Amino acid sequence: MERSKIDKVLAEDTASQKSEAKRELEAVVAPTHTDKSYSTSKVELWAFYVYYIGNNGLSGFNFGPSQFQNLLFLAGYDPSQPPFTAPCGSGTDCVLPFAGRLRDINSIVLLTNGISFALQAAVLLLIGAWADYGSWRPNITIFFTLLAVAVSFAWLGVEDPSRWQAGVALYILGLVTYQCALTFWTAAFPGLARDLPEVQDSALEAETGVKSLPEHVHLESMTRNRISNVSFAVSSAGEIIILAVMVGILKGIKSGESTENNTKAFSVLIAFSGGIWLLCALPWFFLEKRRPGLALPPGTSLLTVGFKQTYVAFRECMRLKQTFLYLIFYFLMGDVLNTTVTVIGTLQNSVVAYSTLQLTLLLIVGIVTQGLGIYIFWLVQKKFGISTKSMLSFNVIWIIILTIWGLIGVHTNKFGFKHVWEIWLYQAYYGLMVCPWYAYSQTMISEVSPLPQMFLFFALFSVVGKTSAFIGPFVTSAIITASGNNDSMPFAFLFALGTVSTVFLWLVDVQKSRKECEDFVAAEAERDAFDVGK
């Protein structure tokens, strides 16, 4: 063969290899890597962290539900006596008419919780995909944040047990706005990691052959884990300060002197949490860079793209087998954890007699251990280079143990979240061993999803998570009612479901997922994925 022909063949091979490397790279990076104007600055990253100090769940996820259950307890009555003649006591059942029948107040909380998650699923199905297009996602985060803050202040008007029906509405709105704001804020973190200068440089080196693709993938994976874990740690530190101030507020309004003061204190704490959230959110509102999204697919509008993308994502998940396996696991285990925490929360409120001071001190213990837990998990992962899947698998074991703990209480009053000392132990256990779930389960989504469509898959997982989250409360509410108001019986269902779900996580192969995502990106580039008639 002539020398010129040999050179030509070599050149073609080199070009082919570069093209293949670029195609592989596109499966794990987004096209904005080379655009330095969207590089993540330290200021933007810290604004992201500070937002989470405000969106800590104290208003919508902690004190809101506690105040709601407190109002139900004060408005309810002992079913062993004629209706509304004997108030609920620490040793009696407590019921109220709700949704067409007489229900235990814990059952009402679970049922209302299920309704809120059903609404979240519907909202995310409609607008979840908007995060992929143009610069919509920051606007959605801002909208739900402001609405959540307004709901927090609205609790100041609901301090009397006779207004417990209004508490139903605020409880649902508080959970919906909190979770939606959290979902769209969380969806920003893969882009922040991808556009960090060191990750952009690494992507360029991988594209030019200076470093291998697996090396770049590992760097980006560890960077996502670092941002996710640091955000939790920063939020925990800020939340401790907020809770310490709350203790002072409770002392000032003398929450322990009467039931009326205690009930008023709940509403004051919720409103205070909302005000802090707004202050912490403002830097993120102004400093987040409006990174460009995709163009709307042909034949779609903002009103239809969410339904179409959900259909497409489910269809593509059948081709993205590893993503689909993780989706099943996420659906089941997310339901187990969300429902377990809610059931334990109802038991906790009853055990501590709805004391705002006691609940605040318990939260401080929980948050301190949460920060320690997440930080220790991250240090271990960083030191030994453990994969996200392995860390998540270890974390899941402790979630299963949590359901066993509650299950023991079905036939005994000696154990199973029945005593104050157990509640203190639970807060420490939950923070140290369970809370890392919220970091690693989200990071794992980015491990098995194609980054150019990351928001699509985050929205899909959010819809699936919210769907599972409303199924669990409905089922456990029915279990409590059917078991004669045994509030520990739902743990049997949760233990069984959690055990089954771990099988699907074990089957996930992250390496195979990257190859599947690569093929997905190629099809997406040709718009094949949006041909719903295929």
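Refer to the structure presented above.
Presented here is an overview of the structure given in this document. Just so it is clear, the model here is predicted, and its values are computed rather than measured.

Section: the overall build of the chain
- Looking only at helices and strands, the chain features 19 helices and 2 strands.
- Burial status across the chain gives 55% buried among its 534 residues.
- Put simply, the chain shows about 21200 Å² of open surface, and 66% of that area lies on carbon and sulfur atoms.

Observations concerning the nonpolar core
- In terms of nonpolar packing, the biggest core is built from 131 residues, with Phe48, Phe63, Tyr326, Phe417 and Trp437 touching the most fellow members.
- Among residues more than four places away in sequence, those in contact with Phe417 are Ile344, Leu347, Val351, Leu402, Trp405, Gly406, Glu422, Ile423, Tyr426 and Phe491.

Quick notes on a nonpolar patch on the surface
- A contiguous nonpolar surface patch, about 520 Å² in accessible area, is contributed by Val43, Leu279, Leu282, Phe286 and Leu287.
- By residue number, the principal contributor to the nonpolar patch is helix H10 (residues 259-287), which donates 4 residues.
- Secondary-structure assignment places Val43 in helix H2 (residues 42-54).

Some remarks on the environment of Pro292
- Mapped onto the elements of the fold, Pro292 is located in the loop between H10 and helix H11 (305-319).
- Residue Pro292 is classed as partly exposed on the basis of its relative accessible area of 46%.
- Each C-alpha atom of the pair Pro292 and Trp136 lies 9.4 Å from the other, and the pair is 156 residues apart in sequence.

Comments concerning the packing of helix H14 (residues 388-408) against helix H15 (residues 420-434)
- Running from N to C, H14 and H15 point in directions that differ by 160°, and their axes come no closer than 10 Å. Viewed along their axes, H14 and H15 adopt a mutual orientation that is roughly antiparallel. For the pair H14 and H15, the crossing hand works out as left-handed. The segment H14 lies against H15, with Phe394, Asn395, Trp398, Ile399, Ile401, Leu402 and Trp405 engaging Glu422, Leu425, Tyr426, Tyr429, Met433 and Val434.
- When grouped by side-chain class, the residues that make up the contact of H14 with H15 number 11 nonpolar, 1 polar and 1 charged.

Considering the packing of aromatic side chains
- Applying the stated criterion across every chain, the model contains 27 aromatic pairs.
- Pairing Phe68 with Tyr171 gives two aromatic rings, centres 4.6 Å apart and planes at 20°, and the pair type is stacked. In this pair, Phe68 is assigned in helix H3 (residues 58-75) and Tyr171 in helix H6 (residues 164-186), connecting sequence segments 103 residues apart.
- Judged by its relative accessible area of 3%, Tyr171 falls in the buried class.
- One aromatic cluster in this structure is built from Phe377, Phe394, Trp398, Trp405, Phe415, Phe417, Trp421, Tyr426, Tyr429, Tyr430, Tyr440 and Phe491.
- For Lys383, the ring lying beneath its charged end belongs to Phe384, and the centroid distance is 5.7 Å.

What counts, and where the lines are drawn
Residues numbered from 1 in each chain as written. Predicted model: local features only at pLDDT ≥ 70, side-chain atom pairs only at ≥ 80, totals over all residues. Heavy atoms only, no water. Helix = DSSP H or I, 4+ residues; strand = E, 2+ residues; numbered from the N terminus. Buried < 20%, exposed > 50% of the residue type's maximum accessible area, 1.4 Å probe, protein only. Areas by Shrake-Rupley, 256 points an atom, 1.4 Å probe, with all protein chains shown as cover. Core = buried A, V, L, I, M, F, W, Y, C linked by side-chain atoms within 4.5 Å. Contact = heavy atoms within 4.5 Å. Patch = residues over 30% accessible without salt bridge, like charges linked within 9 Å, V, L, I, M, F, W, Y side chains within 5 Å. Salt bridge = Lys/Arg side-chain N within 4 Å of Asp/Glu carboxyl O. Axes fitted to C-alpha atoms, helices over the stretch in contact; angles between N-to-C directions. Parallel < 35°, antiparallel > 145°, perpendicular 65-115°, else oblique. Left-handed = near helix turned anticlockwise from the far one by under 90°. Nonpolar A, V, L, I, M, F, W, Y, C, P; charged D, E, K, R; others polar. Phe/Tyr/Trp six-rings, centres within 6.5 Å; stacked < 30°, edge-to-face > 60°. Lys NZ or Arg CZ within 6 Å of the ring centre and 35° of its normal.

In short, geometric facts, not functional conclusions.
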